[in-house]
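Report on the structure
The lines below spell out each chain.
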Amino acid sequence: MDINVFENVEEHRFELDLPDGSTAGIYYRLDEEGRLVLFHTDVPSEFSGLGIGTQLAAGAFDLIRQSDRKAILRCAFLQSFFRHHPGYAEIIAG
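Residues numbered from 1 in each chain as written. Predicted model: local features only at pLDDT ≥ 70, side-chain atom pairs only at ≥ 80, totals over all residues. Heavy atoms only, no water.

Here we look at the packing of helix H1 (residues 52-66) against helix H2 (residues 76-84)
What counts here: Every axis in this analysis is a line fitted to C-alpha atoms, fitted for helices over the stretch in contact. Angles between the N-to-C directions lie between 0 and 180 degrees. Think of it this way: any DSSP run of H or I at least four residues long counts as a helix, any run of E at least two long counts as a strand, and we number them from the N terminus. Our angle categories are set so that under 35 degrees counts as roughly parallel, over 145 as roughly antiparallel, 65 to 115 as roughly perpendicular, and the remainder as oblique. Any two residues whose heavy atoms approach within 4.5 Å are treated as being in contact. Put simply, Ala, Val, Leu, Ile, Met, Phe, Trp, Tyr, Cys and Pro go in the nonpolar bin, Asp, Glu, Lys and Arg in the charged bin, and everything else, Gly too, in the polar bin.
At a closest axis distance of 11 Å, the pairing of H1 and H2 adopts a crossing angle of 75°. It follows from the interaxial angle that H1 and H2 lie roughly perpendicular. On H2, the residues that touch Gly53, Thr54, Ala57, Ala58 and Phe61 of H1 are Phe77, Leu78, Phe81 and Phe82. Split by residue class, the contact of H1 with H2 holds seven nonpolar, two polar and no charged.

Spelled out as structure tokens, the structure:
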């Protein structure tokens, strides 16, 4: 599967289009300091266990890094992803 995570600014989420036409997403809000508060990761159940969430998280974290922004992790999945990928420490604000 071609991995192309992109940011949908209007919907406040990072998205990954899936082969069946559905979309996996990481939802965020901006806090008063402009940091991204990542609060929910959604992967359609038919793609569960295939690594889609991990690919989505890596792509989103890469985009955050490239844009020189900071993120606050309020999603348990993303907190777990970060524990296993500490190389993203410079983008994590809390």
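Let's pick the thread back up.
Some words on the side chain of Asp31
The condition is simple: Polar contact is the term for a pair of N or O atoms within 3.5 Å; when the atoms are in protein, one must be able to donate a hydrogen and the other to accept it, and sequence-neighboring residues count only if both atoms are side-chain atoms.
Among the structural elements, Asp31 can be located in the loop between strand E3 (23-30) and strand E4 (36-42). Within the local environment of Asp31, its side chain forms a polar contact with the backbone nitrogen of Glu33, the two atoms lying 2.9 Å apart. Aside from chain neighbours lying at most four places away, what touches Asp31 is Val37 and Ile72.

A short note on the packing of aromatic side chains
Going by this rule: Each pair of aromatic rings taken from Phe, Tyr and Trp, with Trp reduced to its six-membered ring, is defined by centres within 6.5 Å and is described as stacked if the planes are under 30 degrees apart, edge-to-face if over 60, and tilted in the remaining cases. We call a residue buried when its accessible area falls under 20% of the maximum for its residue type, exposed when it is over 50%, and partly exposed in between, using a 1.4 Å probe and counting protein chains only.
Tallying each qualifying case throughout the model produces four aromatic pairs. When the centroid spacing of 5.4 Å and the interplanar angle of 45° are considered together, the rings of Phe14 and Tyr28 count as tilted. Placement of the pair is Phe14 in strand E2 (residues 13-17) and Tyr28 in strand E3, with a sequence separation of 14 residues. Aromatic pair Phe61 and Phe81: ring centres 5.2 Å apart, planes at 90°, arrangement edge-to-face. Of this pair, Phe61 sits in helix H1 while Phe81 sits in helix H2; the two residues are 20 residues apart in sequence, bridging distant segments of the chain. Judged by relative accessible area, Phe61 falls into the buried class, the value being 0%. An aromatic cluster is defined as three or more aromatic residues linked by ring pairs; in this entry it consists of Phe61, Phe81 and Tyr88.

Points about the pattern of salt bridges
Applied cut-off: Counted as salt bridges are all cases of a side-chain nitrogen of Lys or Arg within 4 Å of a carboxyl oxygen of Asp or Glu.
Inspection of the entire model under this criterion finds six salt bridges. Arg13 is paired through a salt bridge with Glu15; the nearest N and O atoms lie 2.3 Å apart. The pair formed by Arg13 and Glu15 is uniform in burial state, with each residue classed as buried. Residue Arg65 is joined to Glu90 by a salt bridge in which the shortest nitrogen-to-oxygen separation is 2.4 Å. Within this pair, whereas Arg65 is found in helix H1, its partner Glu90 is found in the segment after H2, the two being separated by 25 residues in sequence. Residue classification places Arg65 among the partly exposed residues on the basis of a relative accessible area of 35%. Each member of the salt-bridge network shares a partner with another, and the members are Asp31, Glu33 and Arg35.

Geometry only, nothing functional implied.
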